[in-house]
Amino acid sequence: MNLIKEYQSKELYLIQKKILSRLEKQILADDIIELALLQTMSPIEDYENAMKVLEFFKNKVSDIRICIIGAYFSCMWDYNQEYSFIEDLKRNIEYYDGKVQSIIYYIFAWSEYVRDGERNTIIDYLTKSISLYDQYVSNLLLFSEYLPREEKKQCLCKIKKNIEKIQTEVEIQEYNDEIFINPEYFWKTQIEQVWVDEYFYRENFI
């Protein structure tokens with residue numbers, strides 16, 4: 001791992017220093033995720049290094065979020081060949097409850113979607129995801145892209161009901177880096193997508 005240097009960003013370096021100090025005392029999943037997410041913050045924006053952090057720690061704690069976030073990043077940046085997150089999820093999916101399995105199937109669908117994969121494969125994964133848990137936004141939103149107009153409207157109504165929080169532009173502008181690397185914040189905004197910004201809400205529901 002090539003972690004953040006002080007000359008690159010003193011602010012992020014100091015946050016990283018605190019996280020590493022905690023990890024020296026005890027290896028916890030939240031700290032691992034924060035360390036990984038920190039690598040993605042501006043001006044660093046090193047997603048490959050974020051995946052290296054997750055890869056390094058994934059067998060040191062038992063927390064499926066590490067593999068799910070790693071798989072999400074590897075899909076986004078086309079690193080599926082270099083990292084085994086997707087294969088790890090496929091191998092272990094049966095050990096998790098329906099809500100987690102739902103997210104995993106969504107990640108499988110997302111992996112195919114960003115690589116222009118087979119339409120039927122994507123729909124199959126999303127159908128399985130939604131059948132397991134239909135209270136997320138992420139799986140339904142992607143699924144809606146494959147629906148006829150009227151069915152898409154119905155799906156968007158369901159999505160609207162699933163939204164837990166709408167963040168205003170002013171709120172987001174006031175967030176500091178430690179909020180953006182908070183595991184719950186990332187999970188809710190990027191994985192489940194049940195926390196949305198007001199721009200997304202206006203574009204889809206007003």
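Residues numbered from 1 in each chain as written. Predicted model: local features only at pLDDT ≥ 70, side-chain atom pairs only at ≥ 80, totals over all residues. Heavy atoms only, no water.

## Focus: the packing of aromatic side chains
Formally: Under the pairing criterion, centres of Phe, Tyr and Trp rings, with the six-membered ring standing for Trp, must be within 6.5 Å; the plane angle then separates stacked pairs below 30 degrees from edge-to-face pairs above 60, leaving the rest tilted. Helix and strand assignments follow DSSP, with helices taken as H or I runs no shorter than four residues and strands as E runs no shorter than two, numbered in order from the N terminus. Relative accessibility thresholds used throughout: buried, under 20% of the residue-type maximum; exposed, over 50%; partly exposed, between the two (1.4 Å probe, protein chains only).
Under the definition given, this model contains 17 aromatic pairs. Plain terms: the ring middles of Y105 and Y125 are 6.3 Å apart, the flat faces sit at 35° to each other, and that makes the pair tilted. With Y105 in helix α6 (residues 98–114) and Y125 in helix α7 (residues 119–132), the pair connects residues that are 20 residues apart, well separated along the chain. Since its relative accessible area comes to 18%, Y105 is described here as buried. Judged by centre distance (5.4 Å) and plane angle (25°), the rings of W110 and Y113 are stacked. Of the two residues, W110 and Y113 both sit in helix α6, three residues apart, roughly one turn of that helix. An aromatic cluster of at least three residues, connected via ring pairs, comprises Y47, Y72, F73 and F186.

## Examining the side chain of N49
Topologically, N49 is positioned in helix α3 (residues 47–57). On the accessibility criterion, N49 (3% relative accessible area) is buried.

## Side note on unusual backbone geometry
Backbone torsion omega between S42 and P43 reads 10°, so that peptide bond is classified as cis. Relative to the elements of secondary structure, P43 occurs in the loop between α2 (29–38) and α3. Located in the positive-phi region is E45, a residue other than glycine, with phi close to 50°. One can find E45 in the loop between α2 and α3. Notably, Q193 is not glycine yet its phi reads approximately 60°, a positive angle. Positionally, Q193 belongs in the loop between α12 (183–191) and β2 (195–197).

## Things to note about the pattern of salt bridges
When the charged atoms of two side chains lie near each other, side chains of opposite charge can form a pair. Threshold: The working definition used for a salt bridge is a side-chain nitrogen of Lys or Arg within 4 Å of a carboxyl oxygen of Asp or Glu.
Scanning the model with the defined rule gives 15 salt bridges in all. For K18, the salt bridge goes to E178, with nearest N and O atoms at 3.5 Å. Residue K18 is found in helix α1 (residues 10–25), and its partner E178 is found in helix α11 (residues 177–180); the two are separated by 160 residues along the sequence. Here K158 makes a salt bridge to D134, at a shortest N to O gap of 3.9 Å.

## Comments concerning the state of the cysteines
Covalently bonding the sulfur atom of one cysteine to the sulfur atom of another cysteine gives a disulfide. How we decide: A pair of cysteine sulfur atoms is labelled a disulfide when the two atoms are within 2.5 Å.
Inspection of the entire model under this criterion finds zero disulfides. Unpaired in terms of disulfides, C75 finds its nearest cysteine sulfur in C67, a separation of 12 Å. Here C75 falls in the buried class, since its relative accessible area comes to 4%. No disulfide involves C155; its nearest neighbouring cysteine sulfur is the one of C157, lying 9.3 Å away. C155 sits in the buried class, given a relative accessible area of 8%.

Spatial relationships are all this shows, so hold off on functional conclusions.
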